[in-house]
Amino acid sequence: MTLHAPYDPDNIFARILKGQIPSVKVWEDADVLVFMDVFPQSEGHVLVVSKTSTARNLLEIEPEALAKVMEATRRTARAVEKALKPEGFQILQFNGEAGGQTVFHLHFHIVPRWADRPMKGHGHAPMADTEALRALADRIAAELE
Ligand code: 5GP
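Here we summarise the structure given alongside this text.

What follows is about the pattern of salt bridges. Two side chains that carry opposite charge are able to pair once their charged atoms sit near each other. As enumerated under the stated definition, the model contains 10 salt bridges in all. Notably, a salt bridge pairs Asp31 with Lys68, separated by 3.8 Å at the nearest N-O pair. With Asp31 in the loop between β1 (25-28) and β2 (32-36) and Lys68 in helix α2 (residues 63-84), this residue pair connects regions lying 37 residues apart in the sequence. Residue class for Asp31 comes out partly exposed when judged on its relative accessible area of 23%. Look at Lys68 and you get partly exposed, because its relative accessible area is 44%. Across the pair Arg78 and Glu145 runs a salt bridge whose closest N-O atoms are separated by 3.4 Å. Taken together, the residues Arg78 in helix α2 and Glu145 in the segment after α3 (130-141) connect sequence positions 67 residues apart. Take Arg78: its relative accessible area is 43%, and that puts it in the partly exposed class. Through salt bridges with shared partners, a single network forms among Lys25, Glu28 and Lys51.

What counts, and where the lines are drawn
- Residues numbered from 1 in each chain as written.
- Predicted model: local features only at pLDDT ≥ 70, side-chain atom pairs only at ≥ 80, totals over all residues.
- Heavy atoms only, no water.
- Salt bridge = Lys/Arg side-chain N within 4 Å of Asp/Glu carboxyl O.
- Helix = DSSP H or I, 4+ residues; strand = E, 2+ residues; numbered from the N terminus.
- Buried < 20%, exposed > 50% of the residue type's maximum accessible area, 1.4 Å probe, protein only.

Take a look at the structure:
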């Protein structure tokens with residue numbers, strides 16, 4: 001997938017947004033969906049996507065939709081920090097296959113980090129247990145302001 005290609009309406013996140021495949025939701029509103037990464041690179045790895053934009057990457061997203069996604073990322077990161085008490089966290093966003101992107105609906109990753117816990121590789125982490133993800137999502141959602 002190059003940086004310049006048509007949006008695939010059947011990409012995994014589009015199917016999650018349409019309710020065609022399940023996800024472990026943290027929260028949503030009219031503009032964004034925040035859900036747990038099913039192959040988490042660390043405990044509490046969360047994804048933030050726009051519901052209104054079909055941008056595949058940062059080059060394509062409309063400024064208004066980006067503002068909503070970034071504010072949702074900030075809000076969720078604050079809740080992740082309160083719930084899980086990481087020592088740090090990373091905001092990741094990949095563009096194009098050569099840039100490490102694997103799902104072509106723009107998204108931001110929130111990856112909590114602890115100094116003594118190595119981060120699992122992007123695209124190489126094992127699938128998480130749904131119940132464990134649900135428990136983490138509930139803890140994060142409980143700290144939303
Ligand atoms: P990208 O490589 O495009 O930046 O990130 C895609 C992310 O989506 C990866 O971290 C991957 O673990 C995650 N992912 C892939 N398939 C699914 C899925 O079916 N459900 C969820 N919740 N996450 C997924």
